[in-house]
Amino acid sequence: MSMPAAAWAKSSDRNQPIFLDSDRQEGVMDGNSTNVWTGNVTLKQGSLDISAQRAELTQRDGDPSKTVFTGSPVKLRQQLDDGTWMDATANRIEYDMASETIILIGNYTVKSPRGSNSGQRMVYNTKTGSMQSGGDGTRVRTVIQPKSGNAAKKPEAGK
């Protein structure tokens, strides 16, 4: 099935610098380390914009390898390659840079012009476009919008 936000992540965003702003930061930005940002955290990388209460960045050999965002909720907005925007919220968002996998955990919702998907857990592979939701005993809700101009016309009242 095609995900409503099927081509997450503007592909050029990966090659942009990461800007993190927060009330506080702790850690060492070198080697194998973990850094923590707290309080009104914002991350910007190209069109990607994430806001959270806490961000944790793990580095391996000096390169970012995993980020974990938490908050009430974490908000993510990103332009897709086709120029449209995708918005997502979740209690926790994890991004594994090595596998290019994003995991939305806890009351997540993903919305794009093509539709929406919501539930408790979604795993999305940004390289392949593959997504998996549910499977944990909870329900998943997907809404797929018709392509522009193909929506069925509602009958007029009294006809």
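All chains use their own residue numbering, which begins from 1 and follows the written sequence. pLDDT decides what is reported in this predicted model: residues at 70 or higher carry local features, side-chain atom pairs at 80 or more are listed and counted, and totals for whole chains, interfaces and linings draw on all residues regardless. The basis for every side-chain value is the complete set of heavy atoms in the structure, and neither hydrogens nor water enter the calculation.

Chemist: For this particular structure, what's the right way to read the pattern of salt bridges?
Modeler: The salt bridge definition used is simple: a Lys or Arg side-chain nitrogen within 4 Å of an Asp or Glu carboxyl oxygen. Across all of its chains, the model carries six salt bridges by this definition. In this structure, the salt-bridge partner of Arg77 is Asp87, at a minimum N-O distance of 2.9 Å. In this pair, Arg77 is assigned in strand S5 (residues 63-79) and Asp87 in strand S6 (residues 85-96), connecting sequence segments 10 residues apart. Notably, a salt bridge pairs Glu94 with Arg92, separated by 2.6 Å at the nearest N-O pair. Look at Glu94 and you get buried, because its relative accessible area is 13%. Helix and strand assignments follow DSSP, with helices taken as H or I runs no shorter than four residues and strands as E runs no shorter than two, numbered in order from the N terminus. In this scheme, a residue with accessible area under 20% of its type's maximum is buried, one over 50% is exposed, and one in between is partly exposed, where area comes from a 1.4 Å probe on protein chains only.

Chemist: Can you help me understand the nonpolar core in this one?
Modeler: Counting 22 residues, the largest nonpolar core has Ile50, Phe69, Leu76, Ile93, Leu104 and Val110 as its most contacted members. Listed by contribution, the elements that provide at least two residues to this core are strand S3 (33-45), strand S4 (48-60), S5, S6, strand S7 (101-112) and strand S8 (115-125). Here this core takes five residues from S4, the largest share from any one element. Contacts between residues were defined by any pair of non-hydrogen atoms, one from each residue, lying within 4.5 Å. For Leu76, the residues in contact, after removing those within four places along its chain, are Leu48, Asp49, Ile50, Met86, Asp87, Ala88 and Ile93. The definition of a nonpolar core used throughout is a set of buried Ala, Val, Leu, Ile, Met, Phe, Trp, Tyr and Cys residues joined through side-chain atoms within 4.5 Å.

Chemist: Please clarify how the pairing of S8 should be interpreted in this entry.
Modeler: Moving residue by residue along a regular strand, the side chains alternate between the two faces of the sheet. Among the 11 residues of S8, eight are classified as buried, and the element is accordingly described as predominantly covered. A pair of strands is considered paired only if DSSP assigns at least 2 bridges between the two. The pairing of S7 with S8 spans 10 bridges and is classified as antiparallel. Counterpart to Leu104 in the pairing with S8 is Met122. Counted between consecutive antiparallel strands, the loop separating S7 from S8 contains two residues. Of the pairings in the sheet, the one linking S8 to strand S10 (residues 141-144) comprises four bridges and is antiparallel in character. Looking at the pairing, Gly115 lines up with Ile144 of S10. Here S8 runs beside strand S9 (residues 131-133); their pairing, made up of three bridges, is antiparallel. Bridge pairing links Met122 to Ser133 in S9.

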